[in-house]
Amino acid sequence: ETESAEEAPEGAPEGAPEGAEGEQEMPEADVSDIPDVVAQVNGEEISGEEFTELYESQFQQMAMQSQMSGEEVDQDALKEQTVENMVGNELLIQDAQDSGFEAGEDDVEALLEETAEASGMGSVDELIQAYEDQGMSEEQLREDAEAQVLIDQVVEELDVSEPSEEELEELYEEMSAQQPPQEL
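Residues numbered from 1 in each chain as written. Predicted model: local features only at pLDDT ≥ 70, side-chain atom pairs only at ≥ 80, totals over all residues. Heavy atoms only, no water.

Asks: So what about the overall build of the protein chain? Which residues, and what values?
Replies: Looking only at helices and strands, one finds six helices and two strands in the protein chain. Walking the protein chain from its N terminus toward its C terminus, one meets helices and strands in the order β-β-α-α-α-α-α-α. A buried classification covers 22% of the 184 residues belonging to the protein chain. Of the contacts formed within the protein chain by residues at least 6 apart in sequence, a portion of 60% connects residues at least 24 apart. Carbon and sulfur atoms make up 43% of the accessible area of the protein chain, which totals about 14,400 Å². (Helix = DSSP H or I, 4+ residues; strand = E, 2+ residues; numbered from the N terminus. Buried < 20%, exposed > 50% of the residue type's maximum accessible area, 1.4 Å probe, protein only. Contact = heavy atoms within 4.5 Å. Areas by Shrake-Rupley, 256 points an atom, 1.4 Å probe, with all protein chains shown as cover.)

Pasting the structure below:
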């Protein structure tokens, strides 16, 4: 009797029958050209290291989406968007500090508890461990949470009016016109 090639053994070479359909190799984030300082915001530097950490995380998410859509990740556009987001966050943080907002330990702990719960974890300690497993220190996690608390405080204070039904419809029409037709 001849053996069936239906199942490929573990560690089978690419192109092996089992699971080969539709699987693509995950692309890698190109961070070879990232400078030591990617931006300066009112004297505060955004380091290449901070940028790379956030960029690689966002790239990973985009790469997973691109596998489903079949479109390649536009790394230049993603890098630009990442820097813009980081600059925007830094401006919000500076505005919060200039306006006298503070992120107390209780606020930071509350945000970490919310995040742990939303992530299906039983405690902040589990959340910290999960981030440490991903290479982020507890100190960095707490600094990021503190920044988020400040940003949330500033955003809550913004007086932004709700869009009208007409404005929402206009925006929907604009966005729909920009989307390519979907194949069924």
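Asks: So what's going on with helix α4 (residues 124–133)? Which residues, and what values?
Replies: Among the residues making up α4, those that are buried are V124, L127 and I128. All buried residues of α4 project into a common sector of 100 degrees when viewed along the axis, lining one side. Along α4, exposed side chains directed more than 90 degrees from the buried face belong to D125 and D133. The N-cap residue of α4 is S123: its side-chain oxygen and the backbone nitrogen of D125 are 3.4 Å apart. The first or second residue beyond α4 is G135, which carries a positive phi of 95 degrees. (Arc of directions from axis to C-beta. Polar contact = N/O pair within 3.5 Å; in protein donor to acceptor, adjacent residues only side chain to side chain.)

Asks: Tell me about unusual backbone geometry, and name the residues and values.
Replies: Notably, N42 is not glycine yet its phi reads approximately 50 degrees, a positive angle. Positionally, N42 belongs in the loop between β1 (37–41) and β2 (44–47).

Asks: A description of a nonpolar patch on the surface should follow, citing residues and the corresponding values.
Replies: A surface patch of nonpolar side chains, amounting to about 280 Å² of accessible area, comprises V155, L158 and V160. Checked against the element boundaries, V160 lands in the loop between α5 (138–157) and α6 (165–178). Exposure remark for V160: the relative accessible area of 62% places this residue in the exposed category. (Patch = residues over 30% accessible without salt bridge, like charges linked within 9 Å, V, L, I, M, F, W, Y side chains within 5 Å. Salt bridge = Lys/Arg side-chain N within 4 Å of Asp/Glu carboxyl O.)

Asks: Tell me about the packing of aromatic side chains, and please be specific about residues and values.
Replies: One pass over the structure, following the stated rule, counts two aromatic pairs. Seen from their ring centres, F51 and Y55 are 5.6 Å apart, and the 10 degrees between their planes marks the pair as stacked. With F51 and Y55 both in helix α1 (residues 48–69) and four residues apart, the pair spans about one turn of that helix. For F51, a relative accessible area of 2% gives the class buried. Y55 sits in the buried class, given a relative accessible area of 0%. When the centroid spacing of 6.1 Å and the interplanar angle of 35 degrees are considered together, the rings of Y55 and F59 count as tilted. With Y55 and F59 both in helix α1 and four residues apart, the pair spans about one turn of that helix. Of the aromatic side chains, those joined through ring pairs into one cluster are F51, Y55 and F59. (Phe/Tyr/Trp six-rings, centres within 6.5 Å; stacked < 30°, edge-to-face > 60°.)

Function cannot be inferred from these measures alone, as they are strictly geometric.
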